[in-house]
Structures are given as C-alpha cells and as structure tokens.
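# Descriptive structure summary
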Amino acid sequence: EAFQTKYPSFVMCRIVNDKTTGLSKGYGFVSLMDPMDCARAIREMDQSWLGSRPIKVKRSDWKERDLKQVQKEQQQKMKKKKNNKR
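Residues numbered from 1 in each chain as written. Predicted model: local features only at pLDDT ≥ 70, side-chain atom pairs only at ≥ 80, totals over all residues. Heavy atoms only, no water.

Examined against the element boundaries, valine 57 turns out to sit in the loop between strand S4 (53-54) and helix H3 (67-85). With relative accessibility at 14%, the residue valine 57 sits in the buried group. Between the alpha carbons of valine 57 and glutamate 44 there is a distance of 9.0 Å; along the sequence they are 13 residues apart. Setting aside chain neighbours within four positions, we find valine 57 in contact with Phe3, Ala41, Ile42, Met45 and Asp46. (Helix = DSSP H or I, 4+ residues; strand = E, 2+ residues; numbered from the N terminus. Buried < 20%, exposed > 50% of the residue type's maximum accessible area, 1.4 Å probe, protein only. Contact = heavy atoms within 4.5 Å.)

Dropping the structure here:
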C-alpha cells in the first residue's frame, strides 16, 4: 500500500512468504512501469521505515519486463488457481 498510493505507475507487489509457516520472509518485490516513478521511489523510499522495519529499495538485476508480460503472467496465475480449485 505504501507504494501503491505514492506512485501512479504501480503495477504489482509480491511479499515472499515461508512455505511451511506462511509467515513473511521479510522481503518482497514491487513493479513500477514509469522509469521516473522508479527513480523517485528509490530516492524517497530507500533506507526508510515501513511499519517497524527498515526497507531497501533498488532496481532489479532481473530481465526487463513490460506491462503486457506482467499482465500475461497474472492471467496465467489466475487460470492455475481456478483450475486447482476444481
């Protein structure tokens, strides 16, 4: 929510959880589509506090992604969830 309200180009956020306990591992990923929002988020949010935890914000070393790729992956995940519930 901290990123979603501040940056209009926010696309998605994923918090990584431990598979056995279901508790947060203490890190996550945020996707922003606008490079200016990304630079602003790094500048404003890096070394800040989110609740009671300090956070680090940096550009990913992972491959470049575009909005169509993100949407395609989200649709695939939704289809898998629907198929698993049946």
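Don't stop here, the text continues.
Turning next to the packing of aromatic side chains. Within the structure shown, the criterion is met by 2 aromatic pairs. Ring centres 5.9 Å apart and planes at 35 degrees place the aromatic pair phenylalanine 3 and tyrosine 7 in the tilted group. Residue phenylalanine 3 is classed as buried on the basis of its relative accessible area of 13%. Residue classification places tyrosine 7 among the buried residues on the basis of a relative accessible area of 0%. On the numbers, 6.0 Å between centres and 90 degrees between planes, the contact of tyrosine 27 with phenylalanine 29 is edge-to-face. (Phe/Tyr/Trp six-rings, centres within 6.5 Å; stacked < 30°, edge-to-face > 60°.)

Phi at glutamine 47 is positive, roughly 65 degrees, even though this residue is not glycine. Looking at where glutamine 47 falls in the secondary structure, it is placed in the loop between helix H2 (35-45) and strand S3 (49-50).

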